[in-house]
Amino acid sequence: MADDSSTPFEAGQTGLIVTVPEAEAAVRKWRERFDPSAEAGVPAHVTVLFPFLAESRVDALVHTALAEVIAGHEVFDVRFEKCGRLPGVLYLVPEPDTRLRRLTEAVVERWPEAPPYGGRFADIVPHLTVAQGQEAALMEEMEDDLHRRLPVTSRVTSVELMVHDGAAWRPRASFPLGR
């Protein structure tokens, strides 16, 4: 259940993301209009795990364990050259996506009680959401615009812990990749 009708998020929810500031110029105008997470304060990103643990469970031990899990992965580059679609979602495709998948798998292995997207989907599909719930013609318009703005390359150096405070998402901690 959401806090109110204007947001699909609940106070105390947490998520782990890889921010992609290099993509902001390409996606901002569409995300601000058609991605609820952008309206709630989340920058352009690829989700590592959502939802993660309830904020009340994210203590010093969880921070230490997250730091260890994330540090076990080396810094890497990811490139966004094309768009993809899931039902009702337009997104940028990260290539390669193997290391992003491995980050998700590692966190889920440590916290199996927090499956990606609450267990609603069987496959992990790393992606940078641009828009949700729009008609096909508008999605095509967005996709045409995005193709003119791509490619975008980003260096992944950390995973961010975000917490929803009931009104917006706020960064809580950053966990660097690599030892």
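About the criteria used
Residues numbered from 1 in each chain as written. Predicted model: local features only at pLDDT ≥ 70, side-chain atom pairs only at ≥ 80, totals over all residues. Heavy atoms only, no water. Pairing = 2+ DSSP bridges. Helix = DSSP H or I, 4+ residues; strand = E, 2+ residues; numbered from the N terminus. Axes fitted to C-alpha atoms, helices over the stretch in contact; angles between N-to-C directions. Left-handed = near helix turned anticlockwise from the far one by under 90°. Contact = heavy atoms within 4.5 Å. Nonpolar A, V, L, I, M, F, W, Y, C, P; charged D, E, K, R; others polar. Buried < 20%, exposed > 50% of the residue type's maximum accessible area, 1.4 Å probe, protein only. Polar contact = N/O pair within 3.5 Å; in protein donor to acceptor, adjacent residues only side chain to side chain. Core = buried A, V, L, I, M, F, W, Y, C linked by side-chain atoms within 4.5 Å.

## What to know about the sheet that holds strand S3 (residues 76–86)
In space, the four strands of this open sheet follow the order S5-S4-S3-S6, with antiparallel pairing throughout. Since the sheet does not close on itself, it has two edges, and those belong to strand S5 (128–132) and strand S6 (152–156), each with one partner. The average angle at which neighbouring strand axes cross in this sheet is 30 degrees, direction not considered. Pairing between strand S4 (residues 89–95) and S5: four bridges, direction antiparallel. Paired with Leu92 across the bridge in S5 is Leu128.

## Concerning the packing of helix H3 (residues 60–71) against helix H4 (residues 98–110)
Running from amino to carboxyl end, H3 crosses H4 at an angle of 145 degrees, the nearest separation of the two axes being 10 Å. In terms of crossing hand, the pair formed by H3 and H4 is right-handed. Each of Ala65, Val69 and Ile70 in H3 lies in contact with H4, whose residues at this interface are Leu103, Ala106, Val107 and Arg110. Per-class residue counts for the contact of H3 with H4 are six nonpolar, no polar and one charged.

## A closer look at the environment of Arg148
Among the structural elements, Arg148 can be located in helix H5 (residues 136–149). On the basis of relative accessibility, which here comes to 65%, the residue Arg148 falls in the exposed class. Put simply, Arg148 and Ala26 are 122 residues apart on the chain and 8.8 Å apart in space, counted from C-alpha to C-alpha. A distance of 3.3 Å separates a polar side-chain atom of Arg148 from the backbone oxygen of Asp144.

## Re the pairing of strand S2 (residues 45–49)
Most of S2 is tucked away: five of the five residues are buried. Here strand S1 (residues 14–19) runs beside S2; their pairing, made up of four bridges, is antiparallel. Opposite Leu16, over in S2, you have Leu49 as the bridge partner.

## Looking at the sheet that holds S1
Taken in spatial order, the four strands make up an open sheet running S2-S1-S7-S8, and their pairing is antiparallel. Looking at the sheet topology across the chains shown, the edges are occupied by S2 and strand S8 (169–176). Between one strand axis and the next, the sheet turns through 35 degrees on average, direction left out of account. Of the strand pairs in this sheet, S1 and strand S7 (residues 158–164) are connected by four bridges, and their pairing is antiparallel. Opposite Thr14, over in S7, you have Val163 as the bridge partner.

## Digging into the nonpolar core
Ranked by internal contacts, the top residues of the largest apolar core, which has 47 residues, are Leu16, Phe52, Leu92, Val107, Trp111 and Leu128. Here Val107 is in contact with Leu16, Val48, Leu49, Phe52, Val69 and Ile70, once residues within four sequence places are set aside. Listed in part, the six residues of the second largest apolar core include Phe9, Ile17, Met162 and Trp169.

## Points about unusual backbone geometry
Residue Pro51 follows Phe50 across a cis peptide bond; omega there is -15 degrees. Position of Pro51 among the secondary structure elements: in the loop between S2 and H3. That bond from Leu150 to Pro151 is cis: its omega, 10 degrees, falls within 30 degrees of zero. By the secondary structure assignment, Pro151 is in the loop between H5 and S6. Not every positive phi belongs to a glycine, and Tyr117 is a case in point at roughly 55 degrees. By secondary structure assignment, the location of Tyr117 is in the loop between H4 and S5.

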